[in-house]
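# Inside the fold
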Amino acid sequence: MSAGVLLLAPLLAAAAVVEDRGLSKEARGRVERASEVLRLSAAYRRLEASVAHLPRRETRASGLPGAVDATGADAPVLLFDAARWRALPEREAQAQLAVALARAELAFPLPVVEAEQAAWQTALRVLVEAAAEDEALSRALDAAYRAAPPLVAEAMTKHRPGAAPWELGEVPPLRLPAAYLARAGLYLSLFEKDPARFHKAVEDGTPWPAGAVRLAELEDLFALRARDIAALKSPPTGAYAELGGRRYPVALVRAAFRVRGTGEVERLRESLAAFETSGAGELRDSFARWRRGAR
């Protein structure tokens, strides 16, 4: 999410840059058309200003989850998969652009659970604010929202934690819709019931790479083992890493090694402050306003 965004740096190796200086005329036109509607949202206008400095590139065979996303471990970039971006339906393009900009704003050199949750929360706010002002987007988002209940019911019945500490629970990975607009409808349906359900769905439904971490766990590790982390000569390997005579997941310690002394953890914590305090309330207010107009 400046260093790169969340999940995508490991997927970029095969990407071929089409135009080093930016987007083609056709792609720029599609971005502008999508942005015209999204700019009806104050949250989107803020996002646009926040990531205006980031370069935009077209790629082929990028491996990105969507047709447009943010990536780049050391130099964040907004990437557009040329063929897939061109083929997107207009409302889906709007949804994917909103998510990409929200991820880019939180650029972090490692995939972080809380950052992906915050990015989707911001994107949902963008979509409902714009939908409250644009009838076509409102109809599309409303259709996705109304189609969500069976998916929500299935997700909730599959995620049953055990009642007792040692009782096994049925917790398979959550399968989210591939389309971002359909996913937004599912997330909004969950958010309406309980924001925590929405956040859990983002966590459970995301195909996290092996190096993904939670920001809270990373902060706790630094608080407890800062000296041990600073003393590491190289990133640890193997299944576990030992710090101060205690074993920790190796991915967590490798993440700490990578960001030690960079200030990235503090920067991301500051960026996530609104997500963890007022963010859910702002989305709830925007969602309620859109639903009043959509009925």
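It should be noted that the structure appears before, not after, this text.
The shown structure was predicted, so the numbers you read here are calculated from the model rather than taken from an experiment.

Parameters and conventions
- Residues numbered from 1 in each chain as written.
- Predicted model: local features only at pLDDT ≥ 70, side-chain atom pairs only at ≥ 80, totals over all residues.
- Heavy atoms only, no water.
- Helix = DSSP H or I, 4+ residues; strand = E, 2+ residues; numbered from the N terminus.
- Contact = heavy atoms within 4.5 Å.
- Buried < 20%, exposed > 50% of the residue type's maximum accessible area, 1.4 Å probe, protein only.
- Arc of directions from axis to C-beta.
- Polar contact = N/O pair within 3.5 Å; in protein donor to acceptor, adjacent residues only side chain to side chain.
- Core = buried A, V, L, I, M, F, W, Y, C linked by side-chain atoms within 4.5 Å.
- Phe/Tyr/Trp six-rings, centres within 6.5 Å; stacked < 30°, edge-to-face > 60°.
- Lys NZ or Arg CZ within 6 Å of the ring centre and 35° of its normal.
- Axes fitted to C-alpha atoms, helices over the stretch in contact; angles between N-to-C directions.
- Parallel < 35°, antiparallel > 145°, perpendicular 65-115°, else oblique.
- Nonpolar A, V, L, I, M, F, W, Y, C, P; charged D, E, K, R; others polar.
- Pairing = 2+ DSSP bridges.

### Side note on the environment of Gln94
Structurally, the position occupied by Gln94 is in helix α4 (residues 90–105). Separated by 56 residues in the primary sequence, Gln94 and Leu38 place their C-alpha atoms 7.0 Å from one another. With residues near it in sequence (within four places) discarded, Gln94 still touches Ala34, Val37, Leu38, Leu127 and Leu137.

### Some details on helix α2 (residues 42–50)
Along α2, the positions that sit buried rather than exposed are Ala43, Tyr44, Leu47 and Glu48. Projected down its long axis, α2 shows its buried positions confined to an angular sector of 140°, all on one face. Where α2 is buried, its residues meet α1 (25–38), α4 and α5 (113–131). Capping of α2 at its N-terminal end is provided by Ser41; its side-chain oxygen lies 3.1 Å from the backbone amide nitrogen of Ala43.

### Structural notes on the nonpolar core
Membership of the largest hydrophobic core comes to 59 residues, with the highest contact counts inside it found for Trp85, Leu97, Trp120 and Leu141. When residues no more than four places from it in sequence are discounted, the contact partners of Leu141 are Leu127, Val128, Ala131, Leu181, Ala184, Leu188 and Trp290. Counting residues in hydrophobic clusters, the runner-up holds 26 residues, among them Leu110, Leu218, Leu232 and Tyr248.

### Let's talk about the packing of aromatic side chains
Where two aromatic rings form a pair, the distance of their centres and the angle of their planes describe that pair. All told, the structure shown has 8 aromatic pairs when counted by the stated rule. On the basis of an interplanar angle of 75° and a centroid distance of 6.2 Å, the ring pair of Tyr145 and Trp290 is categorised as edge-to-face. On the criterion of sequence distance, the pair formed by Tyr145 in helix α6 (residues 135–146) and Trp290 in helix α13 (residues 273–294) is long-range, its members being 145 residues apart. Its end group placed over the ring of Trp85, Arg30 keeps NZ or CZ at 5.6 Å from the ring centre. Sitting above the plane of the Tyr180 ring, Arg183 keeps its charged end 5.2 Å from the centroid.

### With respect to the packing of α5 against α6
Two elements in contact, α5 and α6, have axes separated by 8 Å at closest approach and are oriented at 125°. Taken together, the axes of α5 and α6 are oblique relative to one another. On α6, the residues touching Leu127, Val128, Ala130 and Ala131 of α5 are Leu137, Ser138 and Leu141. Along the lines of polarity and charge, the residues of the contact of α5 with α6 split into 6 nonpolar, 1 polar and no charged.

### Regarding the pairing of strand β4 (residues 77–81)
Taken across its 5 residues, β4 has 5 buried, putting it largely inside the fold. Residue alternation in β4 divides its side chains into two sets, Val77, Leu79 and Asp81 and Leu78 and Phe80, and both sets are buried. Summarising the sheet, strand β2 (residues 56–60) and β4 pair through 4 bridges and their orientation is parallel. Paired with Thr59 across the two strands is Asp81, which belongs to β4. Sheet topology places strand β3 (residues 68–71) next to β4; 4 bridges connect them, and they run antiparallel. Residue pairing in the sheet places Ala70 in a bridge with Leu78 of β4.

From the geometry alone we can't say anything about function, so treat these as descriptive.
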